[in-house]
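Residue-level structural notes
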Protein chains: 2
Amino acid sequence: MGSKIRSYVFLTSTECIVLVCMTCLFLNVNCQTENAGMSNVISERKAEEDHRQDSADLLIFIMLLTLTILTIWLFKHRRFRFLHETGLAMIYGVLVGVILRFGVHGQQDLNNVTLSCAMNSSPATILVNVSGHFYEYTLKGEVKDSDGEDVPDAEMLKKVTFDPEIFFNILLPPIIFYAGYSLKRRHFFRNLGSILSYAFVGTAISCMVIGAVLYGCVAFMKAVGQIQGDFFFTDCLFFGAIISATDPVTVLAIFNELKVDVDLYALLFGESVLNDAVAIVLSSSIVAYQPAGDNSHTFDGSAMLKSIGVFLVVFSGSFSLGVVTGVMTSLVTKFTKLRDFPLLETALFFLMSWSTFLLAEACGFTGVVAVLFCGMTQAHYTYNNLSAESKDRTKQLFELLNFLAENFIFSYMGLTLFTFQYHVFNPLFILGAFIAVFVGRAANIYPLSFLLNLGRKNKIGSNFQHVMMFSGLRGAMAFALAIRDTATYARRMMFSSTLLIVFFTVWLCGGGTTPMLSFMHIRVGVDSDQDNTAAGVDGGERRGVRHEGAWPFRMWHSFDHKYLKPFLTHSGPPLTTTLPACCGPLARCLTTSQAYQGGGDVHDEDSELIGSEGASSPMYTDISTVSQSSSFNNLHGPTVPSG
Amino acid sequence: MGSKIRSYVFLTSTECIVLVCMTCLFLNVNCQTENAGMSNVISERKAEEDHRQDSADLLIFIMLLTLTILTIWLFKHRRFRFLHETGLAMIYGVLVGVILRFGVHGQQDLNNVTLSCAMNSSPATILVNVSGHFYEYTLKGEVKDSDGEDVPDAEMLKKVTFDPEIFFNILLPPIIFYAGYSLKRRHFFRNLGSILSYAFVGTAISCMVIGAVLYGCVAFMKAVGQIQGDFFFTDCLFFGAIISATDPVTVLAIFNELKVDVDLYALLFGESVLNDAVAIVLSSSIVAYQPAGDNSHTFDGSAMLKSIGVFLVVFSGSFSLGVVTGVMTSLVTKFTKLRDFPLLETALFFLMSWSTFLLAEACGFTGVVAVLFCGMTQAHYTYNNLSAESKDRTKQLFELLNFLAENFIFSYMGLTLFTFQYHVFNPLFILGAFIAVFVGRAANIYPLSFLLNLGRKNKIGSNFQHVMMFSGLRGAMAFALAIRDTATYARRMMFSSTLLIVFFTVWLCGGGTTPMLSFMHIRVGVDSDQDNTAAGVDGGERRGVRHEGAWPFRMWHSFDHKYLKPFLTHSGPPLTTTLPACCGPLARCLTTSQAYQGGGDVHDEDSELIGSEGASSPMYTDISTVSQSSSFNNLHGPTVPSG
């Protein structure tokens with residue numbers, strides 16, 4: 001007893017020391033940032049200074065993430081579960097944002113020189129002739145803040161503001177890929193119809209409803225003179241599109257931990273994964289065919305049709321690209337003996353998955369969407385061909401990338417609350433946005449659930465619907481879409497409102513998930529492998545799940561099992577048994593020896609359960625059930641037992 | 001028999017198909033690149049176009065790497081060992097470079113506009129007033145190619161030329177960190193004196209000798225009118241510094257595979273790891289105190305002293321930073337129970353290691369050097385505190401990063417041979433450089449070995465010396481240093497020569513390692529754990545290695561074992577037994593329960609063998625000994641047994 005107390009106290013003091021040290025180091029870095037900013041900038045040393053400044057800025061984020069990790073560990077260690085790591089990352093971000101905003105004063109960059117010249121357009125590159133030497137300058141952008149408003153410490157704050165495209169090109173892809181790669185595919189496919197309805201129809205409804213409510217709000221604001229500048233209906237629709245992307249992170253981490261009903265989990269996770277894709281394509285198609293000029297306050301019919309056309313082309317193009325690269329990877333891993341060299345295999349897997357993104361971007365499709373479907377294909381097919389070590393390696397690699405990217409985004413979100421220079425906090429608009437989001441979510445979930453229940457055998461209970469309504473958190477995707485363009489007054493107002501909505505939903509809805517679940521009498525502690533017997537509220541009707549589902553699902557499952565799996569992987573029945581006799585030689589050619597040996601469903605089953613437990617946020621898994629013992633180590637699936 | 005042949009043939013055809021497909025896809029991407037370049041550039045869409053172009057360019061490299069991986073696998077599969085993967089990556093790079101150079105014709109970017117203005121300096125930012133709108137332009141650099149030379153397709157070729165700083169900020173750090181993290185520390189510390197001599201004294205000698213030989217060569221060239229522009233002695237010294245960094249990759253992969261004598265391995269690996277650090281600091285200190293202006297053809301004494309001062313400050317600063325962050329990580333991992341959550345632990349490890357780099361860069365030290373020593377500290381201390389899963393995860397993560405970065409650099413090297421626009425291939429200079437490199441290497445190895453042998457108990461045999469002479473490959477670091485500055489005529493000539501030296505040494509010396517070893521009668525197939533008994537040529541004197549070595553090594557080992565290890569890790573004897581009695585309370589505070597339980601040397605020994613087998617290029621390990629069986633999977637140390 002005494003020893004326990006001592007170790008408790010000791011640990012706490014160590015923890016404190018560690019946290020305090022990190023904080024000091026962090027502040028130190030900050031001060032240094034300041035000094036670097038204060039030092040005399042000589043023209044030749046500018047690049048070096050910039051580089052040092054960039055390093056210091058990035059260091060701020062690394063320190064933030066390190067702090068977050070340590071605090072997460074502390075929370076987990078103490079079983080404190082009301083604040084998810086992403087919420088925590090945001091809080092730290094906000095704190096640092098406050099420090100940067102009010103504590104650090106950099107100097108203005110007075111080296112700007114204004115040249116006047118008579119050009120019709122702004123070229124991408126200009127050459128400046130300085131007494132015989134030619135210097136090349138590249139276009140950075142139009143200077144937006146031309147209304148003479150004096151922004152203090154603009155240079156310093158601008159420094160910690162990244163190019164928004166970094167989110168789309170570096171941070172989102174691993175998150176989305178991991179979502180696809182770790183999807184519980186069995187439950188996903190079983191609820192495919194409902195998930196597709198929520199993700200496509202639901203998001204479209206949500207987008208429209210939010211747009212309409214907001215347009216009303218804006219009209220009212222214009223009437224009372226509360227708004228300046230242009231604000232078109234397309235802007236409202238755009239806001240509807242970006243804010244309709246729900247983020248599963250916080251809720252699903254808790255669901256995983258509490259082992260909530262698998263169908264509810266599948267519905268929420270599937271919806272949020274797919275509606276990210278829908279939102280991104282939807283918003284870009286709205287932007288692409290946004291009528292230019294001031295005369296068009298409405299979104300006319302032909303533009304609408306064009307938007308839908310763009311949406312379909314981009315979505316299906318991205319989808320196909322993702323699937324094609326996934327299939328190619330599975331073929332390469334099937335027909336080469338690359339599995340003898342896990343490092344090569346993992347590298348290939350990583351490169352092929354990355355190339356999906358680049359290929360889609362190079363073709364003008366949406367990389368993030370392609371990556372999502374690539375991840376699903378990789379998990380469904382390629383994963384079966386990988387060696388045991390590569391299975392672990394790929395899972396762990398993308399888990400780490402996902403973790404880092406996610407926490408980075410949420411820290412950054414916190415930071416922007418104070419460091420972003422062009423915030424437009426309009427109370428009326430923010431209120432309108434909150435109402436619109438609430439109404440939009442309701443208009444998505446309840447009517448669709450009613451319609452879906454007409455066709456579903458295991459109904460989506462009203463308590464499920466309330467939880468889905470409540471769990472419509474907004475997160476990384478909404479933020480990334482909102483920050484992408486903050487050029488106009490309307491967009492800035494949207495960005496600020498999005499930020500607040502994300503904060504509000506992540507902290508409040510995220511923290512309230514556990515009480516909500518118990519309030520709604522959702523059964524927890526359900527083992528996902530036992531779901532055939534009885535689980536959830538309408539469990540009675542659930543027997544024989546495999547043969548349940550709508551006919552498209554059954555057809556797909558049978559086709560996949562008989563032809564695709566055997567063709568693309570070593571698992572499933574050999575093609576020689578499933579293909580008609582006339583295709584004999586071809587079938588023999590495409591069937592590897594493993595397929596004959598391994599045969600049947602064993603492998604297959606295994607593959608469908610990839611990342612089944614520890615999937616979306618494995619760190620929480622089992623904490624509630626494993627309890628006080630020290631056996632936390634093996635949370636991450638079948639790896640080496642520690643110690 | 002028949003089935004074996006069939007499967008053989010089948011595999012070959014599959015392989016062919018895969019390779020052909022990849023090539024087609026690759027060419028396809030290329031064509032697309034071209035189209036993207038040809039399309040009409042509208043000013044507003046420029047950013048989007050650029051992004052697509054960037055994606056396509058990056059895709060070229062990803063495809064190149066994928067191709068390389070598949071071919072490497074083929075080579076390994078067929079036991080073809082004369083060409084290392086890096087050599088292969090270079091060949092593919094050269095091929096693609098040829099295609100880009102002669103096959104693809106992009107259009108010139110005609111959007112450049114020249115403004116003339118009377119300024120004394122070139123400001124970092126200028127604002128251009130284009131009919132009322134202000135556009136911000138940032139300084140890209142002085143336009144160097146003012147001699148009117150018309151370079152065809154400059155735009156297209158410029159596109160695939162990355163900012164050289166990418167090498168220093170993204171690609172080199174993981175390579176160097178991994179080198180430090182996977183160092184065989186036992187053998188390294190045993191040979192520390194010799195390694196430090198080769199790395200510091202040897203590299204300095206090599207730098208001087210190369211500089212001197214080359215200066216003679218340049219003087220001759222100036223006399224015969226073969227050279228235009230300035231070429232100072234400092235330039236020659238600079239070339240000496242950049243070309244003195246040897247690259248262990250190819251040779252050590254083969255050494256690992258053949259299980260060459262561990263001391264020879266340690267000498268070569270240790271030297272090449274440390275001389276990277278030395279070269280980078282040496283070259284930057286030469287540049288920092290290079291006398292400006294035309295009148296100083298010699299490198300005067302005070303500048304020399306200043307250079308040495310800069311060298312010492314930067315090197316020791318980087319060293320301390322690396323060690324300090326490593327120690328901090330080990331303290332954090334020791335005193336928190338972070339090991340319960342491998343994901344958090346791995347993330348923390350990764351972030352702390354990265355922060356070393358950023359911290360060093362932000363302080364004006366050299367990030368790459370800091371990262372090297374951080375890696376060594378992490379391996380020596382932190383590694384002991386990690387959970388078994390995190391040990392695997394960190395090793396695998398950095399192994400993958402190292403693999404990707406290395407192959408990327410070598411592909412890129414191949415590519416630059418044809419796509420770099422400012423090559424200056426001067427036959428006389430190249431000949432001089434080759435001779436200088438040869439002489440410099442000889443002046444490093446032979447005299448130093450002679451001196452070291454005076455003090456060493458186990459002498460460095462003459463066959464060892466010849467192998468060390470022969471294994472002085474130049475690689476990634478020399479290239480990265482050379483491409484960093486290609487502004488002047490002299491630097492361009494150096495860059496082109498460096499490229500050729502790298503190609504020559506990697507292909508010829510890399511490929512010739514196996515014949516060289518057998519020609520020199522170096523014993524192969526030595527198990528590194530049995531080296532106490534007998535190995536190599538002068539094996540007779542090697543008994544009791546642990547207690548051998550110079551007194552600084554023995555003192556360090558004892559201090560490390562008694563105080564540092566117990567303080568920073570869970571291993572080693574508890575501090576309560578090693579510290580004097582007066583420090584009892586402090587010692588109890590700093591000793592965790594694991595230290596009492598685990599105690600002694602077991603853990604410690606384990607930690608010193610981290611990555612011992614599969615370290616520098618684990619994929620080759622055991623191939624020669626494991627032979628034909630299918631048990632290739634477990635090459636990568638203690639991970640999950642596959643299947």
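Residues numbered from 1 in each chain as written. Chains lettered and ligands numbered in written order. Predicted model: local features only at pLDDT ≥ 70, side-chain atom pairs only at ≥ 80, totals over all residues. Heavy atoms only, no water.

Spelled out, the test is: UniProt positions are given in the numbering used here, feature names are shortened, and annotations may be inferred rather than shown by experiment.
Where an unreviewed UniProt entry is consulted, chain A appears under the name Sodium/hydrogen exchanger, with the organism given as Coilia grayii. Taken from UniProt, the Sequence similarities (unreviewed entry) comment for chain A reads in full: "Belongs to the monovalent cation:proton antiporter 1 (CPA1) transporter (TC 2.A.36) family."

**What to know about the confidence of the model for chain A**
Residue and element names in this part refer to chain A. Here is the rule: Confidence per residue, as judged by the predictor, is encoded in pLDDT with a range of 0 to 100. Two residues form a contact once any of their heavy atoms are found within 4.5 Å.
Of the residues in chain A, 70% have a pLDDT of 70 or more, and the chain-wide mean is 74. Of the regions scoring below 50 in pLDDT, residues 1-11 engages in seven contacts with residues more than four places distant in sequence or in other chains. As a predicted assembly, this complex carries a pTM of 0.79 together with an ipTM value of 0.78.

**Focus: helix α3 (residues 85-103) of chain B**
So the rule is basically this: Helix numbering and strand numbering both begin at the N terminus, where a helix is a DSSP run of H or I of at least 4 residues and a strand a DSSP run of E of at least 2. In this analysis, the expected span of each helix is defined as 1.5 Å times one less than the number of residues it contains. Note on classification: 1.4 Å probe, protein chains only; a residue is buried when its accessible area is under 20% of the maximum for its type, exposed when over 50%, partly exposed between these limits.
Here α3 of chain B contains 19 residues, and its C-alpha end-to-end distance of 26 Å stays within 8% of the 27 Å for a straight helix at 1.5 Å per residue. Residues of α3 of chain B that are buried: Glu85, Thr86, Gly87, Leu88, Ala89, Met90, Tyr92, Gly93, Val94, Val96, Gly97 and Leu100 of chain B.

**Comments concerning the pattern of salt bridges**
Residues and elements named next belong to chain B. Definition in use: The term salt bridge refers to a pairing of a side-chain nitrogen on Lys or Arg with a carboxyl oxygen on Asp or Glu at a separation within 4 Å.
In this structure the tally under the stated criterion is 12 salt bridges over all chains. Arg190 is paired through a salt bridge with Asp263; the nearest N and O atoms lie 3.1 Å apart. Of the two residues, Arg190 is situated in helix α6 (residues 185-190) and Asp263 in helix α10 (residues 262-288); the sequence distance between them amounts to 73 residues. Where Asp485 meets Arg491, a salt bridge forms, and the shortest distance between an N and an O atom there is 2.9 Å. You can call Asp485 partly exposed: its relative accessible area is 30%. Here Arg491 falls in the buried class, since its relative accessible area comes to 5%.

**Here's the deal with the environment of Arg588 of chain A**
Tracing the backbone shows Arg588 of chain A in helix α22 (residues 584-590). As for Arg588 of chain A and Thr234 of chain A, which are separated by 354 residues in sequence, their C-alpha atoms are 56 Å apart.

**Description of the nonpolar core**
Short version of the rule: The nonpolar core is taken to be a set of buried Ala, Val, Leu, Ile, Met, Phe, Trp, Tyr and Cys residues, with the residues joined through side-chain atoms within 4.5 Å.
Counting residues in hydrophobic clusters, the biggest one holds 312 residues, and the most contacted among them are Phe255 of chain A together with Phe255 of chain B. When sequence neighbours within four positions are dropped, the list of residues in contact with Phe255 of chain A reads Val260, Leu264, Tyr265, Leu268, Val467, Ser471, Thr513 and Leu517 of chain A.

**Section: the packing of aromatic side chains**
Here the distance between the centres and the angle between the planes together describe a pair of aromatic rings. Residue and element names in this part refer to chain A. Note the threshold: Stacked, tilted and edge-to-face pairs are distinguished by plane angle, under 30 degrees for stacked and over 60 for edge-to-face with tilted covering the rest, among Phe, Tyr and Trp rings (Trp via its six-membered ring) whose centres lie within 6.5 Å.
With the rule as written, the count across this model stands at 60 aromatic pairs over all chains. Taking the centre distance of 5.4 Å and the plane angle of 85° together, the rings of Phe167 and Phe479 count as edge-to-face. With Phe167 in helix α5 (residues 165-181) and Phe479 in helix α17 (residues 476-484), the pair connects residues that are 312 residues apart, well separated along the chain. An aromatic cluster of three or more residues is present, and its members are Phe61, Phe167, Phe408, Tyr412, Phe420, Tyr422, Phe479 and Phe495.

**Quick word on a nonpolar patch on the surface**
All names here are of chain A. Heads up, the rule is: Excluding any residue in a salt bridge, patches collect residues exceeding 30% relative accessible area, merging like charges within 9 Å and nonpolar Val, Leu, Ile, Met, Phe, Trp and Tyr side chains within 5 Å. For accessible areas, the Shrake-Rupley method is used with a probe of radius 1.4 Å. Any residue's cover is judged against the shown protein chains and nothing else.
Taken together, the side chains of Leu431, Ile435, Phe438 and Val439 define a hydrophobic patch exposed on the protein surface, amounting to about 380 Å² of accessible area. Its place among the elements puts Leu431 in helix α15 (residues 427-455). On the basis of relative accessible area, Leu431 is assigned to the exposed category, the value being 52%.

**Digging into the packing of helix α12 (residues 342-362) of chain B against helix α14 (residues 388-419) of chain B**
All names here are of chain B. Here is the rule we go by: The convention used is that axes are lines fitted to C-alpha atoms, helices contributing only their stretch in contact, and that angles between N-to-C directions extend from 0 to 180 degrees. Any angle that falls under 35 degrees is termed roughly parallel, while one over 145 is termed roughly antiparallel, one within 65 to 115 roughly perpendicular, and all others oblique. A clockwise turn of the near helix away from the far one marks a right-handed crossing, whereas an anticlockwise turn of less than a right angle marks a left-handed crossing. Following the grouping adopted for this structure description, the nonpolar residues are Ala, Val, Leu, Ile, Met, Phe, Trp, Tyr, Cys and Pro, the charged ones are Asp, Glu, Lys and Arg, and the polar ones are all others, Gly among them.
Two elements in contact, α12 and α14, have axes whose closest approach is 9 Å; the angle formed by their N-to-C orientations is 45°. With respect to their mutual orientation, α12 and α14 come out oblique. Note that α12 runs across α14; the crossing there is right-handed. Of α14, the residues touching α12 (which contributes Pro342, Leu343, Glu345, Thr346, Phe349 and Phe350) are Glu389, Ser390, Arg393, Thr394, Leu397, Phe398 and Leu401. For the contact of α12 with α14, the class distribution of residues is seven nonpolar, three polar and three charged.

**Topic: unusual backbone geometry**
For His521 of chain A, which is not glycine, the phi dihedral falls at a positive 55°. Summarising the element assignment, His521 of chain A is placed in the loop between α19 (513-519) and α20 (551-568).

**Observations regarding helix α5 (residues 165-181) of chain B**
Residue and element names in this part refer to chain B. Quick note on the threshold: Values of bend correspond, residue by residue, to the angle between axes fitted over the seven residues ending at that residue and the seven starting there.
Relative to the 24 Å expected for 17 residues at 1.5 Å per residue, α5 spans 23 Å between its end C-alpha atoms, a close match to the ideal helical length. A maximum bend of about 50° is found in α5 at Leu172, where proline Pro173 lies one to four positions downstream. In terms of burial, α5 is a largely internal element, 13 of the 17 residues being buried.

**A few points about the side chain of Glu406 of chain B**
Residues and elements named next belong to chain B. To be explicit about the condition: Charged residues are defined narrowly, with Lys and Arg counted positive, Asp and Glu counted negative, and His plus the chain ends left uncounted.
Looking at the secondary structure, you find Glu406 in helix α14. Buried within the structure, Glu406 lacks any salt-bridge partner; Lys76 is the closest side chain of opposite charge, at an N-O distance of 10 Å. Not counting the four nearest positions on each side in its chain, Glu406 is found in contact with Thr86, Ile175 and Val249.

**Structural notes on the environment of Lys306 of chain B**
Residues and elements named next belong to chain B. Within the secondary structure layout, Lys306 lies in helix α11 (residues 301-335). Given a relative accessible area of 46%, Lys306 falls into the partly exposed group. Separated by 62 residues in the primary sequence, Lys306 and Ser244 place their C-alpha atoms 21 Å from one another.

**Brief notes about the packing of helix α8 (residues 233-243) of chain A against α17 of chain A**
All names here are of chain A. Interaxial distance between α8 and α17 falls to 8 Å at its minimum, and their mutual angle equals 145°. Across the interface between the two elements, Phe238, Ile242 and Ile243 from α8 touch Ala478, Leu481 and Ala482 from α17. A per-class count over the contact of α8 with α17 returns six nonpolar, no polar and no charged.

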